[in-house]
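Here is how the chains run, residue by residue.
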Amino acid sequence: MATIGAVHFLILAAAMFCLGLYCLMGRRNAIGLLMGIELIVNAANINFATFAHYRGGEVDGYIFSLFGIVLAAIGVTIALAIVFALYRNFNKNIEVDEVSILRG
Amino acid sequence: MAFTVMFYCAALFTLYGAAMVAFSKNIIYSAFSLLISFIGVVVIYALLDADFLAIAQLVLYVGGILVLILFAIMLTNKISNASSSNPSRSQFLSFVTVLVIFVGLFFTIIKAPWQVSAGTQELGPITDSIGDALLTKYLLPFEIVSVLLLVGLIGAVVIARKENIEKAGNTNLSATSEQGRSL
């Protein structure tokens, strides 16, 4: 296909989602996990914007994308606060394997 | 034609950044690759006629979230051991799983009969229509999100602040974790 359609944007978002998922599965560093979550949220937002554009005429998809950006910002803020709390309370360690005292 | 070239450049940018985030050993390189990826996404939004989203992405992600992540990395990692600061585990297994998921998504996207309109109507600049929708149809979610932002702000301050009163509790906690590790 020479012309760029919705499919191209969807595949780009799918690839971005998969890279974020790989980041989530492989990483031990809490901030690394957070970056994977950011990639996944961005992929979802691209999907919303793609359908808003290619359905045409409606602006709802863009607004969902906007809410997605805001929610990701809140999530990152809280998650980094938790990372700082972990860093202080677990001997300057933010690797998620080590933080397991709640495990039964 | 220009649209095609722009799309492939932006896609390359985005995916290169995302791949470096996922595969880089050094977490500082990961953070700067996240910057590349976000800028690619800005161009993608611009190509999708979402001018307001592109600027919001630039201001919020590149100007806000990324700086926050970089600050967190600088505060929690020693620069001396930065090269081993982002260890990965069970790489082969996760790679195979993610590859299977991607192939599944790929063929689903290719095969699915998406209900897209052939000729998209030009919305023009979407900023004014987004503003209209936010203050009429989406007024309640808009207000709820603003309250949620306030809750997040206060919550982050409460969680991250140093508690003098809980000092004893904190030392207890780290002692417990020490104990757990030695066990």
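Residues numbered from 1 in each chain as written. Chains lettered and ligands numbered in written order. Predicted model: local features only at pLDDT ≥ 70, side-chain atom pairs only at ≥ 80, totals over all residues. Heavy atoms only, no water.

1. Examining the nonpolar core
Step number 1: By size, the foremost hydrophobic cluster in this structure holds 74 residues, and its most contacted members are Ile31(A), Met35(A) and Tyr62(A).
Step number 2: Breaking this core down by element, the ones donating at least two residues are helix H1 (6-26), helix H2 (30-55) and helix H3 (60-89) of chain A together with helix H1 (2-23), helix H2 (27-47), helix H3 (51-76) and helix H5 (127-135) of chain B.
Step number 3: When residues in this core are grouped by element, the largest group, 14 residues, is from H3(A).
Step number 4: The residues touching Met35(A), leaving out its near neighbours within four places in the chain, are Val21(B), Ile27(B), Ser30(B), Ala31(B), Leu34(B), Ile69(B) and Ile73(B). (Core = buried A, V, L, I, M, F, W, Y, C linked by side-chain atoms within 4.5 Å. Buried < 20%, exposed > 50% of the residue type's maximum accessible area, 1.4 Å probe, protein only. Helix = DSSP H or I, 4+ residues; strand = E, 2+ residues; numbered from the N terminus. Contact = heavy atoms within 4.5 Å.)

2. So, the packing of H2(B) against H3(B)
All names here are of chain B.
Step number 1: Where H2 meets H3, the axes come as close as 9 Å, and the angle between the chain directions of the two elements is 175 degrees. By the angle between their directions, the pair H2 and H3 is classed as roughly antiparallel. Between H2 and H3, the contacting residues are Ile27, Ile28, Ala31, Phe32, Leu34, Leu35, Phe38, Ile39, Val41, Val42, Tyr45 and Ala46 on the first element and Leu53, Ala54, Gln57, Leu58, Tyr61, Val62, Leu66, Ile69, Leu70 and Ile73 on the second.
Step number 2: Residues that form the contact of H2 with H3 fall into these classes: 21 nonpolar, one polar and no charged. (Axes fitted to C-alpha atoms, helices over the stretch in contact; angles between N-to-C directions. Parallel < 35°, antiparallel > 145°, perpendicular 65-115°, else oblique. Nonpolar A, V, L, I, M, F, W, Y, C, P; charged D, E, K, R; others polar.)

3. A short note on the interface of chain A and chain B
Step number 1: Opposite the 74 residues of chain A that make contact, chain B presents 88 residues.
Step number 2: Considering only the side of chain A, the residues that lose the most area to chain B are Tyr22(A), Arg27(A) and Met35(A), jointly responsible for 10% of the buried surface there.
Step number 3: Our count for the chain A to chain B interface comes out at one salt bridge.
Step number 4: Measuring nitrogen to oxygen at the nearest pair gives 3.1 Å for the salt bridge that ties Lys137(B) to Asp60(A).
Step number 5: In this assembly, chain A and chain B are joined by eleven residue pairs in polar contact (both at pLDDT 80 or more).
Step number 6: Where the side of chain A that touches chain B is concerned, the elements lending two or more residues are H1, H2 and H3 of chain A.
Step number 7: Residue contributions to the side of chain A that touches chain B peak at 25 residues, all from H3(A). (Buried area = accessible area lost by both parts, 1.4 Å probe. Salt bridge = Lys/Arg side-chain N within 4 Å of Asp/Glu carboxyl O. Polar contact = N/O pair within 3.5 Å; in protein donor to acceptor, adjacent residues only side chain to side chain.)

4. Comments concerning the packing of aromatic side chains
Step number 1: Tallied over the full model, the rule gives ten aromatic pairs over all chains.
Step number 2: On the basis of an interplanar angle of 70 degrees and a centroid distance of 4.7 Å, the ring pair of Phe9(A) and Phe7(B) is categorised as edge-to-face. Residue Phe9(A) is located in helix H1, and its partner Phe7(B) is located in helix H1; the two belong to separate chains. Across the pair, Phe7(B) and Phe9(A) agree in class, each one buried.
Step number 3: Both rings, one in Phe64(A) and one in Tyr138(B), keep their centres 6.3 Å apart while their planes meet at 85 degrees; by these two values the pair is edge-to-face. With Phe64(A) in helix H3 and Tyr138(B) in the loop between H5 and helix H6 (139-160), the pair connects residues from two separate chains.
Step number 4: Taking the relative accessible area as the measure of exposure, Phe64(A) reaches 42% and is therefore partly exposed.
Step number 5: Residue Tyr138(B) is classed as buried on the basis of its relative accessible area of 12%.
Step number 6: Members of the aromatic cluster, each reached through a chain of ring pairs, are Phe9(A), Tyr54(A), Phe7(B) and Tyr8(B). (Phe/Tyr/Trp six-rings, centres within 6.5 Å; stacked < 30°, edge-to-face > 60°.)

5. Here's the deal with the domain arrangement of chain B
Residues and elements named next belong to chain B.
Step number 1: Domain annotation of chain B identifies domain 1 (1-78) and domain 2 (125-183).
Step number 2: Taken together, the contacts link four residues of domain 1 with four residues of domain 2.
Step number 3: A combined buried area of about 320 Å² lies between domain 1 and domain 2, and 70% of that area is made up of carbon and sulfur atoms.
Step number 4: The interface formed by domain 1 and domain 2 contains zero salt bridges.
Step number 5: Residues of the side of domain 1 that touches domain 2, tallied by class, amount to two nonpolar, no polar and two charged. (Domains from an automatic or database assignment.)

6. Considerations on a nonpolar patch on the surface
Residues and elements named next belong to chain B.
Step number 1: On the surface, a nonpolar cluster with roughly 440 Å² of combined accessible area is contributed by Phe13, Ile39, Ile55, Leu58 and Val59.
Step number 2: Here Phe13 shows up in helix H1.
Step number 3: For Phe13, a relative accessible area of 43% corresponds to the partly exposed category. (Patch = residues over 30% accessible without salt bridge, like charges linked within 9 Å, V, L, I, M, F, W, Y side chains within 5 Å. Areas by Shrake-Rupley, 256 points an atom, 1.4 Å probe, with all protein chains shown as cover.)

7. A word on the confidence of the model for chain A
Step number 1: With 97% of its residues at a pLDDT of at least 70, chain A reaches an overall mean of 86.
Step number 2: Model confidence for chain A, summarised as mean pLDDT per element, is weakest for H3(A) at 90 and strongest for H1(A) at 92. (pLDDT = per-residue confidence, 0-100.)

8. Let's talk about H5(B)
All names here are of chain B.
Step number 1: Considered for burial, the residues of H5 that qualify are Ile130, Ala133 and Leu134. Projection of H5 onto a plane perpendicular to its axis shows the buried side chains occupying an angular sector of 100 degrees, all on one side. Pointing more than 90 degrees away from the buried face of H5 are the exposed residues Asp128, Asp132 and Leu135. (Arc of directions from axis to C-beta.)

9. Section: the environment of Asn47(A)
Residue and element names in this part refer to chain A.
Step number 1: Within the secondary structure layout, Asn47 lies in helix H2.
Step number 2: What makes Asn47 partly exposed here is its relative accessible area of 29%.
Step number 3: Sequence separation between Asn47 and Ile11 is 36 residues; the distance between their C-alpha atoms is 9.5 Å.
Step number 4: If we skip the residues at most four places from it in the chain, Asn47 touches Leu10 and Ala13.

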